[in-house]
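Listed below, chain by chain, are the residues.
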Amino acid sequence: MGYAHEYAQAILHRGRVPMEPTDHVVNWDDGPRKGKYYPHAEAFALPDTEDLPDVPIAPGLLPGVLPGADGPDSDQAPAGFSLPLLSAMLKDSYGLTGRRLGIQANTDLPGLPFYTHANWSRGTAGGGGLYPVSIHWASGRSGPLTPGLHYYDLHRHALQRLLTGDVTERVRAALGPDAPAEARDADQYLILGVKYWQNSFKYNSFCFHVVSTDIGTLVQTWRIWAAARGLRIAPVMWFDEPVLNGLLGVPGEEEAVFAVVPLHWDGPRGARPAPAGTDPEHRSAVAHRDVERSRTLLDFVTVRDMHAATVAGAAERPAPGALAAAAAPVDDGGGERVELPAPAAPAAGTRQSLRRRRSSFGRFDSRTKLSARDLSTVLAACAATRLAGDTDPEGAVRLARVHVFVNHVEGVARGAYTYDPDRGDLRLVEAGPQGVFLQDNYFLANYNLEQAGAVLVPTVRTTAVLDALGDRGYRLAIGTAGAVSQTFYTAAAALGVGAGVALGFDNVSFAERLGLMDGDEAPLLIMPLGHERPEPADFHHEIA
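A brief structural summary. (Residues numbered from 1 in each chain as written. Predicted model: local features only at pLDDT ≥ 70, side-chain atom pairs only at ≥ 80, totals over all residues. Heavy atoms only, no water.)

## So, the overall build of the protein
Here's step 1: If you tally the helices and strands in the protein, you get 14 helices and 17 strands.
Here's step 2: For the protein, whose C-alpha radius of gyration is 22 Å, the value lies close to the compact-globule estimate of 24 Å for 544 residues.
Here's step 3: For the C-alpha atoms alone, the extent of the protein along its principal axes is close to 75 × 55 × 50 Å.
Here's step 4: The buried share of the protein, reckoned over its 544 residues, is 60%.
Here's step 5: By sequence separation, contacts in the protein at least 24 residues apart represent 81% of the contacts at least 6 residues apart.
Here's step 6: Accessible surface, the protein as shown: approximately 21300 Å² in total, 52% of it carbon and sulfur.
Here's step 7: In the protein, 49 side chains carry a positive charge and 63 a negative one; their mean positions are 4 Å apart. (Helix = DSSP H or I, 4+ residues; strand = E, 2+ residues; numbered from the N terminus. Rg over C-alpha atoms; globule rule 2.2 N^0.38 Å. Buried < 20%, exposed > 50% of the residue type's maximum accessible area, 1.4 Å probe, protein only. Contact = heavy atoms within 4.5 Å. Areas by Shrake-Rupley, 256 points an atom, 1.4 Å probe, with all protein chains shown as cover. Lys, Arg positive; Asp, Glu negative; His and termini not counted. Charge placed at Lys NZ, Arg CZ, Asp CG, Glu CD.)

Given below as structure tokens:
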């Protein structure tokens, strides 16, 4: 077994055995920026796309969730991405869309009135609100710009040119000859990197786990957004990582590429002439350097070791079908069952749902019960989530299974259940109130979990993924949980229901309560869902 197995076990038991370093103290005054800063890189604004029509969430991405909705009209769906569409997707996913300052129960509330501590909303969820994922665009000859490598400056919704020249052949070579055809045929790529310090300053050794969820949340936002417009997003997670780290000019142990997303562009490939006199042996690299805000940067051995473990063999893509061995268990149909209504079709559009997304810190109110149909809709959406990366291009393997603790749901008795996505019903695991258990095994004070209508718990057979794919599979396993959380948030927002996602709980206690100790399913998140108190004191300032 590789190092990732040890790390996975440490994550599972961290509620009982704290991870080293146990004496770490967060220095908030010397924290990093939420984004990278290239002071000398040329920047130009992306197109304003606020007038771009909103579209319903695509039923093809969330099968069974929107039974009455129509998919994208094939006569109106774009043939591929354009600069306005890319601009809109970046804005709706990772761009800043508003400032939020509401009275709630999270621990950062005292600092939020100060502009320097402002909480800016985004369509994508971020672990701890830290957002360590950097987005780079390698643009080739079919695109609208002079070919080059650009960084998405989310604070200005702008692109910064880091390198001029077509580097997409180098990206394709790094992906390897056995990459999916859509990746080999593209000449536009979004390259997703993670700057570890931007997360580890707070979470130290837990960082690698959290940033893996962050990759999943962002990719899933793009999958939801693109599918609604008849476009496809499929990340590549196995590639020659040191080559791409070198292209970005970043030391891999400090910042690393986690995923590459090929884009099919609207227009013929190779419409621009090839540059003359190109040396095939030339290895361009970004010369600009990100200027760090923090005066002191700490290094965490566990994060460095996990990085090394998941880079080893990164270019050796698993054999087709290997992931099937780690699929989520299929329910045998036995036990006491509770029927659920068919999933609903939310009226809200994709952009509107992403703009509404927020965490319901301390706002849940059990006086209004969650409808069984809303619970059914969110459960179906979560269970249908796939990252559909290069190990499972068609999204055929269901990695995540969803369990649910019911507190206040119309027509469903209190208890712990397992959701069966094939039957669309619940199997009872333990009857009776679960509120005391939920709160006793949650570490923070920003949620009263008993007040939520239900608490969803996605599980992944993490060790089985590692056995099937090697240590690098950790990024996919935990990224899948992140993707489920983004689906959860988006579906809840579309329904007008409150939601939250938390990582600070006793994973082992949840595995015990759900009867999972004899298997290898690992509870990775807890996701409360329910109605909020009416007319909360809040402040909204939309900037998009």
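## Concerning the packing of aromatic side chains
Here's step 1: Enumeration over the complete set of coordinates arrives at 20 aromatic pairs.
Here's step 2: What links up through ring pairs into an aromatic cluster is the set Y7, Y196, F208, F258 and Y474.
Here's step 3: Taking NZ or CZ as reference, R357 lies 4.9 Å from the ring centre of Y489, over its face.
Here's step 4: Over the aromatic face of F437 sits the side chain of R513, whose NZ or CZ is 4.1 Å from the ring centroid. (Phe/Tyr/Trp six-rings, centres within 6.5 Å; stacked < 30°, edge-to-face > 60°. Lys NZ or Arg CZ within 6 Å of the ring centre and 35° of its normal.)

## What about the sheet that holds strand β3 (residues 120–121)?
Here's step 1: Read from one edge of the open sheet, 3 strands run β3-β2-β17, paired in antiparallel fashion. On the outer flanks of this sheet lie β3 and β17 (540–542), each paired with one strand and no other.
Here's step 2: Looking at chain direction, strand β2 (residues 98–100) and β3 are connected through 2 bridges and run antiparallel. The partner of R99 across the bridge, within β3, is W120. (Pairing = 2+ DSSP bridges.)

## Here's the deal with the nonpolar core
Here's step 1: Counting residues in each nonpolar core, the largest one holds 111 residues, and the members touching the most others are F81, L192, W222, L375, L456, Y474 and L529.
Here's step 2: No other element matches the 11 residues that helix α13 (residues 473–495) contributes to this core.
Here's step 3: Residues contacting L456, with those up to four places away along its chain left out, are L375, V378, L379, C382, V402, H403, V404, F488, L525, I526, M527 and L529.
Here's step 4: In terms of nonpolar packing, the next biggest core, distinct from the first, is built from 25 residues, L149, V167, A174 and A179 among them. (Core = buried A, V, L, I, M, F, W, Y, C linked by side-chain atoms within 4.5 Å.)

## What about the pairing of strand β10 (residues 400–406)?
Side-chain positions along a regular strand alternate between the two faces of the sheet.
Here's step 1: Of all 7 residues in β10, 7 are buried; the element is thus mostly enclosed.
Here's step 2: Of the two faces of β10, the one holding A400, V402, V404 and V406 and the one holding R401, H403 and F405 are both buried throughout.
Here's step 3: In this sheet, strand β11 (residues 415–420) lies alongside β10 in antiparallel orientation, the contact comprising 4 bridges. By the bridge assignment for β11, F405 is matched with A416.

## Thoughts on the packing of helix α1 (residues 3–12) against helix α12 (residues 462–469)
Here's step 1: The geometry of α1 relative to α12 is characterised by a closest axis approach of 10 Å and an angle of 175° between their N-to-C directions. With respect to α12, the element α1 is oriented roughly antiparallel. Contacts between α1 and α12 involve A4, H5, A8 and Q9 from the former and T462, T463, L466 and D467 from the latter.
Here's step 2: Split by residue class, the contact of α1 with α12 holds 3 nonpolar, 4 polar and 1 charged. (Axes fitted to C-alpha atoms, helices over the stretch in contact; angles between N-to-C directions. Parallel < 35°, antiparallel > 145°, perpendicular 65-115°, else oblique. Nonpolar A, V, L, I, M, F, W, Y, C, P; charged D, E, K, R; others polar.)

## Focus on unusual backbone geometry
Here's step 1: Following E20, the chain continues into P21 via a peptide bond in cis, with omega recorded as 0°.
Here's step 2: Its identity as a non-glycine residue notwithstanding, N204 has a phi of 40°, on the positive side.
Here's step 3: If you trace the backbone, N204 turns up in the loop between α5 (197–203) and α6 (207–227).
Here's step 4: In the Ramachandran plot, A388 falls in the positive-phi region, its phi being about 50° despite a non-glycine side chain.
Here's step 5: Here A388 lies in the loop between α10 (372–383) and β10.
Here's step 6: Look at A388 and you get buried, because its relative accessible area is 5%.

## A short note on the pattern of salt bridges
Here's step 1: Under the criterion given, the structure shown has 29 salt bridges.
Here's step 2: Between E50 and R355 there is a salt bridge; the shortest N-O distance is 3.3 Å. Here E50, found in the loop between β1 (42–45) and α2 (83–93), pairs with R355, found in helix α9 (residues 350–356); they are 305 residues apart in sequence, far enough to count as distant.
Here's step 3: Residue classification places E50 among the partly exposed positions, given a relative accessible area of 32%.
Here's step 4: With a closest N to O distance of 3.1 Å, D420 and R337 form a salt bridge. Highlighted residues: D420 in strand β11 and R337 in strand β9 (residues 337–339), separated in sequence by 83 residues. R337 carries the same exposure label as D420, and that label is buried.
Here's step 5: A network of salt bridges, in which partner residues are shared, links D331, R337, D420, R423, D425 and R427. (Salt bridge = Lys/Arg side-chain N within 4 Å of Asp/Glu carboxyl O.)

Coordinates in, geometry out; function isn't part of it.
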